[in-house]
Structures are given as C-alpha cells and as structure tokens.
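Survey of secondary and tertiary structure
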Amino acid sequence: QVQLVESGGGLVQAGGSLRLSCAASGRTFSLYAMGWFRQAPGKEREFVAAIGWPSTITWYADSVKGRFTISRDNAKNTVYLQMNSLKPEDTAVYYCTADLNWTKIRTTGGSWGQGTQVIVAS
C-alpha cells in the first residue's frame, strides 16, 4: 500500500488561500488516482477533489469547484490542492487518498494519509 503524508494546513482568514501537499511513497505513484476528502467536526467525511493518472482528468465537489485546483507532480510523487477564496465552511481536516481504481477516489477512497487541519476564520 502507498504511504501518504499531508502538509500545508493552518489558520487563514476568509478569502485567503492555502496549498496542501500530499507526498506519496513507492515507485508506482504515476499509476494511482489521487484525491482529497475532508471532515468537519460533527460531520461525515466528504469528497473534495480527485485526479487521474492522466492529469487532464479531474473531478471536484460542487462546493469547491471554481475555487480549488488539484494537480500532481509524478516526478516528485506529490499531489497538491490549491485552495483559494476560502470560506469558514471549508474548515475541516483534509485527508489525502490514493487508489489504482479511480472510482474509489471519488467515493470511499483507498489508502489514507494522517490528515492536515485547515481552519478558516471569519
């Protein structure tokens, strides 16, 4: 199983930006579909964004479309989530996920990182 480590979370004011990173281990990173989920206190984990091994194939939750951008750098074994125009409702722990099946990245997820916390203050 691929090992994932998220970073880049923190405290930001509403309207600000953050870029999350997810570093993956292994030699086959380029074969994995990658994604981001988030979980706010008292709420269910929800899908945020996903990217296939062709980087031109991406998916976004309606709540973040137009504000967030997912990308990957296969040479660095890293996936990114650029978050702009942040809102208080974006406050959550963000988790990176990876799987060889792109459908799982958009639904249940596959392997998981430990998460990184994002707090958006109003």
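Residues numbered from 1 in each chain as written. Predicted model: local features only at pLDDT ≥ 70, side-chain atom pairs only at ≥ 80, totals over all residues. Heavy atoms only, no water.

Tracing the sequence through the fold places Thr 116 in strand E11 (residues 116–121). Here Thr 116 falls in the buried class, since its relative accessible area comes to 10%. A polar contact of 3.1 Å, which involves the side chain of Thr 116, links it to the backbone nitrogen of Gly 9. Excluding anything up to four places from it in sequence, Thr 116 contacts Glu 6, Ser 7, Gly 8, Gly 9, Leu 20, Ala 92, Val 93 and Tyr 94. (Helix = DSSP H or I, 4+ residues; strand = E, 2+ residues; numbered from the N terminus. Buried < 20%, exposed > 50% of the residue type's maximum accessible area, 1.4 Å probe, protein only. Polar contact = N/O pair within 3.5 Å; in protein donor to acceptor, adjacent residues only side chain to side chain. Contact = heavy atoms within 4.5 Å.)

Below, the discussion takes up the pairing of strand E8 (residues 78–83). Two faces belong to every sheet, and in a regular strand the side chains alternate between them. Burial runs high along E8: five of the six residues are buried. Alignment of strand E3 (residues 18–24) against E8, held across six bridges, turns out to be antiparallel. The partner of Arg 19 across the bridge, within E8, is Gln 82. The pairing of strand E7 (residues 68–73) with E8 spans six bridges and is classified as antiparallel. Paired with Asp 73 across the bridge in E8 is Thr 78. Following E7, the chain reverses through four residues before pairing antiparallel with E8; Asn 77 in that reversal takes a positive phi of roughly 50°. (Pairing = 2+ DSSP bridges.)

For the rest of this paragraph, the subject is the pattern of salt bridges. Enumeration over the complete set of coordinates arrives at four salt bridges. With its nearest N and O atoms 2.9 Å apart, the salt bridge here joins Asp 90 to Arg 38. Here Asp 90 is found in the loop between E8 and strand E9 (92–99), whereas its partner Arg 38 is found in strand E4 (residues 33–39), with 52 residues between them in sequence. Since its relative accessible area comes to 0%, Asp 90 is described here as buried. Using a relative accessible area of 5% as the deciding quantity, one classes Arg 38 as buried. (Salt bridge = Lys/Arg side-chain N within 4 Å of Asp/Glu carboxyl O.)

Turning our attention to the packing of aromatic side chains. One pass over the full model with this rule turns up four aromatic pairs. Each ring, one from Phe 37 and one from Trp 112, has its centre 5.2 Å from the other, and the planes form 75°; the classification is edge-to-face. Taken together, the positions of Phe 37 in strand E4 and Trp 112 in strand E10 (residues 111–112) put the pair 75 residues apart, joining distant regions of the chain. Phe 37 sits in the buried class, given a relative accessible area of 2%. Since its relative accessible area comes to 29%, Trp 112 is described here as partly exposed. On the basis of an interplanar angle of 5° and a centroid distance of 5.3 Å, the ring pair of Trp 59 and Trp 102 is categorised as stacked. One end of the pair, Trp 59, is in strand E6 (residues 58–60); the other, Trp 102, is in helix H1 (residues 102–106), and 43 residues separate them in sequence. (Phe/Tyr/Trp six-rings, centres within 6.5 Å; stacked < 30°, edge-to-face > 60°.)

Attention now goes to the state of the cysteines. This model, assessed by the stated rule, comprises one disulfide. The residue that forms a disulfide with Cys 22 is Cys 96, at a sulfur-sulfur distance of 2.1 Å. With the S-S dihedral at roughly -85°, the linkage between Cys 22 and Cys 96 falls on the left-handed side. Taken as a pair, Cys 22 in strand E3 and Cys 96 in strand E9 lie far apart in primary sequence, 74 residues in all. The pair formed by Cys 22 and Cys 96 is uniform in burial state, with each residue classed as buried. (Disulfide = S-S within 2.5 Å.)

Shape descriptors only; they carry no functional weight alone.
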